[in-house]
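Notes for the structure review
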Amino acid sequence: MASGFGSWHCLVAFFVFGIGSLSCQGIADELHIDDQLRNCNLYEGSWIHDDSHPIYEASNCPFIDQGFDCLKNGRTDKDYLKYRWKPSGCDLPRFIGRDFLERERGKKIMFVGDSLSKNMWQSLTCALHSAVPGSKYDLTEQGKLSTFSIPEYGVSVKWLKNGFLVDVVTEKIGRVLKLDSITTGNEWLGNDMLIFNTYHWWLHQGQSKTWDYFQVGNTTVKEMDRMLAYEIALTTWSRWIDANIDPVDTLVFFQGVSAAHFDGSEWNETSTQTCEGQTEPVKGSVYPGPSIPGEDTVKKVISLMQKPAKLLDLTLLTQLRKDGHPSIFTGQGKSIDDCSHWCLAGVPDTWNELLNTVLILMGGADCQSSTRVSSGSKSSTGGGGSTFRLQPSTGASGSKSSTRGGGSTFRLQSTRGASGSKSSTSGGAPPSSYSPPAPVAPASSPQPEAAPPSHHGHKSAGHALLPAHVGFVFVELAPVLFLILLL
């Protein structure tokens, strides 16, 4: 009798854990996850010709910004639309808008950044609208916030214009770029996914500059090393994220540094000054030109975060696409030669294919982590992205979230400006280094709106995945079932 009872225990255990494993395998199959994709560096590869691209037609997207709609503005060559990013060790899953909407049903997604952020935001909204053209959509603009939503799925995709992420304040002396201050972060709260971007505005010169002075602590200068300023600002942003964003509720991405093409010698065409007339990518997987300084800065700052953002490392794949810019087809006449932004449809669609791939991989990682109940290990995807991290982190991913107030102002101590010293506007030597203290959240912080549903839970990827969720029930109840059986 005892032997039979023990065998029955084994059968139940096999049933419980077996169904959990099959469920994860079912999700992996449904999402097209295999070992090749799991182990793939998504950002090393080359562009290959693919007639199945683009993933949508610009003519089917009525809200593309004029400056991005290259075909409408008179561009006649169309080969730039027919290239697909091919990582060296795998293939990206094709972006299927309806599947994305099902997986992100009820979610709030926000892009925060400059016009390159807008490029990626419009690409995603066009891909989603084109996938469900019969579904009603809403598009609103309020100040610096643009919101696209599809009520049928409860999905909203927002773009908040913010070129620096840190504060720019108009004072008596002019516009002051405060590298150590973020007071508008409350605008970022209450979203399930945040995709940040800043870089190009830091390089502006002359009349294109949107600030007059840099400030760190009590030190104000007319000019300083731009990459140092960028690093200080990104560090301020990263510490705001660590102090105010709970990764269980909100996924945080950094869009990465997008390349511009204003010097043909970089791709071995010395007679070419800009991207005008370029019709094909740089061949191969190595860009012959110099690296972009901001790329290493972004990676450095993210690696030091307690709860690292997930980097969409766009630099190499954009460096290779000298053909993808609007150039003289911005709709503003041939005197404008835009080699910074990107045509839509076009290169930014790949950025969203990469975002989609990372989300798919994270979904598969969540499932695998949830089945390891016997080892006692917890899923770490929701704790800073350690289950699927695109960049290594030296920070402690297990630290708890600090106060989630939106009005925190962090101060990075400047080696030039002693505490209590008067502000200097003489244009003297800028801060050459800084030692950022640990941020302290204010004693009383504005409360964000009610926390949205967890983005990292066992979410459905469409109707075909519903049977897999039955397995999750058994997986989660496994410890209880064992205790009952042992009584």
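What comes next concerns the included structure. Just so it is clear, the structure is predicted and the values come from calculations on it, not from any experiment.

A word on the pattern of salt bridges. In total, this model carries 16 salt bridges according to the counting rule given. Between Glu295 and Lys299 there is a salt bridge, and its shortest N-O distance comes to 3.5 Å. One end of the pair, Glu295, and the other, Lys299, are both in helix H6 (residues 293–303), four residues apart, so they sit about a helical turn from each other. Here Arg321 ties to Asp323 by a salt bridge, and the two come within 2.8 Å at their closest N and O atoms. Neither residue differs from the other here; Arg321 and Asp323 are each classed as buried. What you see here is one network of salt bridges that share partners, running through Asp50, Arg84 and Asp91.

Once that is clear, we can look at the packing of aromatic side chains. Scanning the model with the defined rule gives 17 aromatic pairs in all. Note on Tyr199 and Tyr230: the rings are 5.3 Å apart at their centroids and 70 degrees apart in plane angle, and the pair reads as edge-to-face. With a gap of 31 residues between them, Tyr199 in the loop between strand S9 (193–196) and strand S10 (213–216) and Tyr230 in helix H5 (residues 226–244) connect regions that are remote in the sequence. Like Tyr199, the residue Tyr230 is buried in the burial classification. Look at Trp342 and Trp351: their rings are 6.4 Å apart centre to centre, the planes differ by 80 degrees, and that puts the pair in the edge-to-face class. With relative accessibility at 0%, the residue Trp342 sits in the buried group. By the ring-pair criterion, three or more aromatic residues cluster together here, those being Phe164, Tyr199, Trp201, Trp202, Trp211, Phe214 and Tyr230. Positioned above the aromatic ring of Tyr80, the side-chain terminus of Arg75 is 3.8 Å from the ring centre.

What counts, and at which threshold
- Residues numbered from 1 in each chain as written.
- Predicted model: local features only at pLDDT ≥ 70, side-chain atom pairs only at ≥ 80, totals over all residues.
- Heavy atoms only, no water.
- Salt bridge = Lys/Arg side-chain N within 4 Å of Asp/Glu carboxyl O.
- Helix = DSSP H or I, 4+ residues; strand = E, 2+ residues; numbered from the N terminus.
- Buried < 20%, exposed > 50% of the residue type's maximum accessible area, 1.4 Å probe, protein only.
- Phe/Tyr/Trp six-rings, centres within 6.5 Å; stacked < 30°, edge-to-face > 60°.
- Lys NZ or Arg CZ within 6 Å of the ring centre and 35° of its normal.

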